[in-house]
Amino acid sequence: MRVLVFTSVSKRPSWKIPIMDSAARFNGPHFVNLRKTVIFDDQMMRISKSGPLTGRIKVPGDKSISHRAAMLLAISKGSAEITNFATGDDCASTLRCLKALGVPVSKNGSTVQIFGKGKRGLEEPATPLDCGNSGTTMRLLAGILAGQEFDSLVVGDESLNSRPMGRIAEPLLEMGADIRLRENRAPIKIMGGACLRPIDYSLPVASAQVKSCVLIAGLYTGGPVSVISPPSELRAPISRDHTERMLTYLGAEISEEFREADGEFSHVIKLSPGSELQARDIRVPGDISTAAFFLVAAAGLRGSDITLLDVGLNDTRKGIVDVMQEIGVRIEVTNKSISCGEPRGDIRVSWDGDCELIESNLKISGGRTAALIDEMPVLAVLGTLLPGGIEVRDASELRVKESDRVDAIVKNLKRMGGAVEEYEDGFRVSKSNLTAAEIDSRGDHRIAMAFAVAAMFSEGESVINDAGCVAVSYPDFFETLNGLVD
Ligand code: S3P
């Protein structure tokens, strides 16, 4: 029985805004008439309680790895191909900015060819560099631009222009860059001609974007650059380490160590001076943060059996697989391999008759929170199925993502009748029977996708507003989900 209903519903008169240089927000047959325009604010999706999911799918390429591949190849020597490049609007923003910087880029489906200009070969952009909704584009690109001879202006959409950028300006200023912000927010003006100095920078937050920005700017200094992560109980990198892996893959010299104090560990990454990058082809694995929505949906829909093919399994990203194992989901990882320095494999979630989710009092805090930061909206939904619920702490960073995700999670779950408590740095969700509701996605792709999953667990028909925002990371999300329903 097909119980998902995907229709777009206009509640009030809409205005249509053409999207610049971007694929349509919806590609599926339901939205054919919207291919060239997107309707903001009143784009809605109806979803009803679902039966089991079955099938084998490939999710789009990892967004974090795709951004890095494009940017680092742009400043490498030589040309190279990226396969399985992420299909969403965020990575399209990165390509658009690189083109504006004079980098020849050709794209054929999800294969992208980048003709590297070397570290000093970029050209002054004729227009502001528009990062759209993409924080990764803005923060990593700033590291490249700080080392250039020309001035640039970096801008984003309303959500991105409200997110904190002082966190990248601070280390870049310390390195000698000339950066101007408006109350620590974008637009960011980056003046050319600065002579960047080496730095040993202690990150105030466990942010991979800030770490990456400093390391990339470090390519433009004449000495060693170190980035030190905040202390954590884990003797492991706590924020994603794709930049370090890719810099190494492209020929830079990177080393790491752990410093121990008071029983905690700080992860230190050191970039050696004089690192030049040499272009090499990059195969991007599927995005585990996107896979997470399907994994949770299958775990909650009795009788499901789905396999997600060729998904990234980097230790700093695969926390969702570990959580699933911990709570008794039947999850298997097969066909493991490593390419371009990144582990990958197939992930299967299946039900075995009476398989039940177990009482585990799941509490996520400290370093584990940083590693699961993008999965928090869907983990909150998972919490409604667990006998002991789920508690998330040390997650204040969620408040400065594409939306205030703590607030969005708590308010939307409450609308669905979920038992949820809000903390300044997280939330607690207890086992709840959800009922359909109107969901406010806040234009945040991960909130829209997480609550699409919640709607599949709920009695009645839910409506998700501004559902077109899923195109930021996964334009075909709803169609793919629909295709898995028996
Ligand atoms: C990302 C890092 C994380 C994550 C974001 C992508 C990256 O942000 O939330 O979706 O690609 O480096 P922070 O570095 O701000 O934690």
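Draft legend 1. Summary view of the overall build of the chain. Assigned secondary structure in the chain consists of 13 helices and 25 strands. Relative to all contacts within the chain whose residues are 6 or more apart in sequence, the contacts with residues 24 or more apart total 76%. Measuring between centres, the 56 positive side-chain charges of the chain sit 3 Å from its 64 negative side-chain charges.

Draft legend 2. Quick look at the site of the ligand. Around the ligand sit S64, R68, T136, R139, S207, A208, Q209, R240, I373, D374 and K401, and that is every residue in its neighbourhood. In this structure, an oxygen atom belonging to the ligand sits 2.6 Å away from a side-chain N or O atom of R68. Relative to its free-state accessible area of 380 Å², the ligand is covered by the protein chains to the extent of 94%. Residue assignment for the shell around the ligand shows that the elements contributing at least two residues are helix 1 (63-74), helix 3 (135-145) and helix 5 (208-218).

Draft legend 3. Structural context of the domain arrangement of the chain. Splitting the chain by domain gives domain 1 (4-61 + 285-483) and domain 2 (63-283). The distance between the C-alpha centroids of domain 1 and domain 2 comes to 27 Å. Across the contact, 39 residues belong to domain 1 and 33 residues belong to domain 2. For the domain 1 and domain 2 pair, buried surface summed over both sides reaches about 2900 Å², with 45% attributable to carbon and sulfur atoms. Its largest share of buried area at the contact with domain 2, domain 1 owes to T316, C340 and V472, together 18% of the area lost on that side. Scanning the region where domain 1 abuts domain 2 turns up four salt bridges.

Draft legend 4. View of the packing of aromatic side chains. Per the counting criterion, the structure on display carries five aromatic pairs. With a centroid separation of 6.0 Å and 70 degrees between ring planes, the pair formed by F293 and F477 is classed as edge-to-face. Linking F293 in helix 7 (residues 288-300) with F477 in helix 13 (residues 477-484), this pair joins segments that are 184 residues apart in sequence. Residue placement shows R393 over the ring face of Y423; its charged tip is 3.7 Å from the ring centre.

Draft legend 5. Looking closely at the environment of F294. Relative to the helices and strands, F294 resides in helix 7. Distance in space between the C-alpha atoms of F294 and G468 is 18 Å, their sequence separation being 174 residues. The contacts of F294, once residues within four sequence positions are left out, are I57, V59, I306, L308, Y474, F477, T480, L481 and L484.

Draft legend 6. Geometry of the side chain of T290. Tracing the chain through its elements places T290 in helix 7. Setting aside residues no more than four positions away along its own chain, T290 makes contact with V59, P60 and Y474.

Draft legend 7. Main features of helix 8 (residues 319-326). Of all the residues in helix 8, the buried ones are G319, I320, V321, V323 and M324. Looking at the packing, one finds that the buried side of helix 8 touches helix 7, strand 18 (330-339), strand 19 (342-350), strand 20 (362-364), helix 9 (367-371) and helix 10 (376-383). In the stretch just after helix 8, G328 is the one whose phi turns positive, near 90 degrees.

Draft legend 8. Here's a closer look at the sheet that holds strand 11 (residues 185-191). Strand order in the open sheet formed by four strands is 8-9-11-10, and the pairing between neighbours is mixed. Bordering the open sheet on either side are strand 8 (129-130) and strand 10 (178-182), each of which pairs with just one other strand. The pairing of strand 10 with strand 11 spans four bridges and is classified as antiparallel. Of the residues in strand 11, the one forming a bridge with D178 is M191. Running at roughly 155 degrees to strand 10, helix 4 (residues 166-174) makes contact with strand 10 and strand 11 of the sheet.

Draft legend 9. The arrangement of unusual backbone geometry in detail. In this chain, A186 is followed by P187 through a cis amide linkage whose omega measures 0 degrees. Examined against the element boundaries, P187 turns out to sit in strand 11. For D394, which is not glycine, the phi torsion reads 60 degrees and is therefore positive. For D394, the position within the fold is in the loop between strand 21 (390-392) and helix 11 (405-415). One non-glycine residue, D466, adopts positive backbone phi at about 45 degrees. Using a relative accessible area of 12% as the deciding quantity, one classes D466 as buried.

About the cut-offs
- Residues numbered from 1 in each chain as written.
- Predicted model: local features only at pLDDT ≥ 70, side-chain atom pairs only at ≥ 80, totals over all residues.
- Heavy atoms only, no water.
- Helix = DSSP H or I, 4+ residues; strand = E, 2+ residues; numbered from the N terminus.
- Contact = heavy atoms within 4.5 Å.
- Lys, Arg positive; Asp, Glu negative; His and termini not counted.
- Charge placed at Lys NZ, Arg CZ, Asp CG, Glu CD.
- Near = heavy atom within 4 Å.
- Polar contact = N/O pair within 3.5 Å; in protein donor to acceptor, adjacent residues only side chain to side chain.
- Areas by Shrake-Rupley, 256 points an atom, 1.4 Å probe, with all protein chains shown as cover.
- Domains from an automatic or database assignment.
- Buried area = accessible area lost by both parts, 1.4 Å probe.
- Salt bridge = Lys/Arg side-chain N within 4 Å of Asp/Glu carboxyl O.
- Phe/Tyr/Trp six-rings, centres within 6.5 Å; stacked < 30°, edge-to-face > 60°.
- Lys NZ or Arg CZ within 6 Å of the ring centre and 35° of its normal.
- Buried < 20%, exposed > 50% of the residue type's maximum accessible area, 1.4 Å probe, protein only.
- Pairing = 2+ DSSP bridges.
- Axes fitted to C-alpha atoms, helices over the stretch in contact; angles between N-to-C directions.

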